[in-house]
Amino acid sequence: MKLKVCGLSNPIEVKTCVKNGVDFCGFIVNYSKSHRYISYEKAIELSSIGKNKTQYVAVLVNPSLEELEKFSKLNFDYFQLYGQFNNKSLRNIKDKYQKKIITTIQVKTKSDIENYKKVEDESDIILWDSSGYEKSLSWEHHWIKDIKIKGEKMLAGNITKDKLSNLSLLADIVDVSGALETNKVKDIKKIKEFIKSLKRVSNEN
């Protein structure tokens, strides 16, 4: 199972993730309501850090064309998109900006799970997340158990170390943020502990 650590905001966090083999580093680049939001200047700085095999992800909430253009020029491998998209709009974004796409499906009720069908063809990864944006809300992760898609399945929404064994049966990637923080700041010790826990669960499976 792969790991995405989201909401990184300073160099030591990014370097820790890269050094410890985290698969994806996520940066909140246009959603200022989040305490994890970073400025454009900070996005330039953090995305310039040597990434080794780690992939860098620009997390964008209802992005404007201007924002897509601006962030496409930085060293991001993926755009992670929140908003109303379909296969056609995603194809336009991929063709124009040459980024891979993580499309987010926000889940409040079980029926929301099915919204992936609108974006499956053009999404490299589909992320099922809570409806909380910057809040780590819980939802019933097992709802996606029987879903099979072309790309990879990612899960977010109040993911903690003790849930990993169950989640490894549901998704290819877990997306974690709040569980790695102390007083709303990324905690290097918690990041390292989570990575160890995930590797342990992956080895067991």
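Being a predicted model, the structure only gives us computed values, none of them experimental.

What counts, and where the lines are drawn
- Residues numbered from 1 in each chain as written.
- Predicted model: local features only at pLDDT ≥ 70, side-chain atom pairs only at ≥ 80, totals over all residues.
- Heavy atoms only, no water.
- Axes fitted to C-alpha atoms, helices over the stretch in contact; angles between N-to-C directions.
- Helix = DSSP H or I, 4+ residues; strand = E, 2+ residues; numbered from the N terminus.
- Parallel < 35°, antiparallel > 145°, perpendicular 65-115°, else oblique.
- Left-handed = near helix turned anticlockwise from the far one by under 90°.
- Contact = heavy atoms within 4.5 Å.
- Nonpolar A, V, L, I, M, F, W, Y, C, P; charged D, E, K, R; others polar.
- Phe/Tyr/Trp six-rings, centres within 6.5 Å; stacked < 30°, edge-to-face > 60°.
- Buried < 20%, exposed > 50% of the residue type's maximum accessible area, 1.4 Å probe, protein only.
- Lys NZ or Arg CZ within 6 Å of the ring centre and 35° of its normal.
- Salt bridge = Lys/Arg side-chain N within 4 Å of Asp/Glu carboxyl O.

(A) Region of interest: the packing of helix α3 (residues 65-72) against helix α4 (residues 87-97). Closest axis-to-axis distance for the α3/α4 pair is 10 Å, and the angle between their directions is 40 degrees. Taken together, the axes of α3 and α4 lie oblique to each other. With respect to the hand of their crossing, α3 and α4 are arranged in right-handed fashion. Taking contact as the criterion, the partners of L65, L68, E69 and S72 in α3 are, on α4, I93, K96 and Y97. In terms of residue class, the contact of α3 with α4 is built from four nonpolar, one polar and two charged.

(B) Geometry of the packing of aromatic side chains. Tallying each qualifying case throughout the model produces seven aromatic pairs. When the centroid spacing of 5.6 Å and the interplanar angle of 75 degrees are considered together, the rings of F24 and Y78 count as edge-to-face. With F24 in strand β2 (residues 24-28) and Y78 in strand β4 (residues 78-82), this residue pair connects regions lying 54 residues apart in the sequence. The interplanar angle of 50 degrees and the centroid separation of 5.9 Å between the aromatic rings of F27 and F76 together place this pair among those described as tilted. A residue pair is termed long-range when its members are at least 10 positions apart, and F27 in strand β2 and F76 in the loop between α3 and β4 qualify at 49 residues. A relative accessible area of 1% places F27 in the buried class. One aromatic cluster is present, formed by F27, Y56 and F76 through successive ring pairs. If you follow K51 out to its NZ or CZ, it ends over the ring of Y56, 4.9 Å from the centre.

(C) Inspection of the pattern of salt bridges at higher detail. Counting across every chain of the model gives 13 salt bridges. Linking K73 and E69 is a salt bridge whose minimum nitrogen-to-oxygen distance equals 2.4 Å. A residue is classified by how much of its surface remains accessible, and E69, at 32% relative accessible area, is partly exposed. The partner of K150 in a salt bridge is D121, and the shortest N-O contact between them spans 2.8 Å. Placement of K150 in the loop between β6 (125-130) and β7 (152-155) and of D121 in the loop between β5 (100-107) and β6 is noted, with a sequence separation of 29 residues between them. Overall, K150 belongs to the exposed group, its relative accessible area being 64%.

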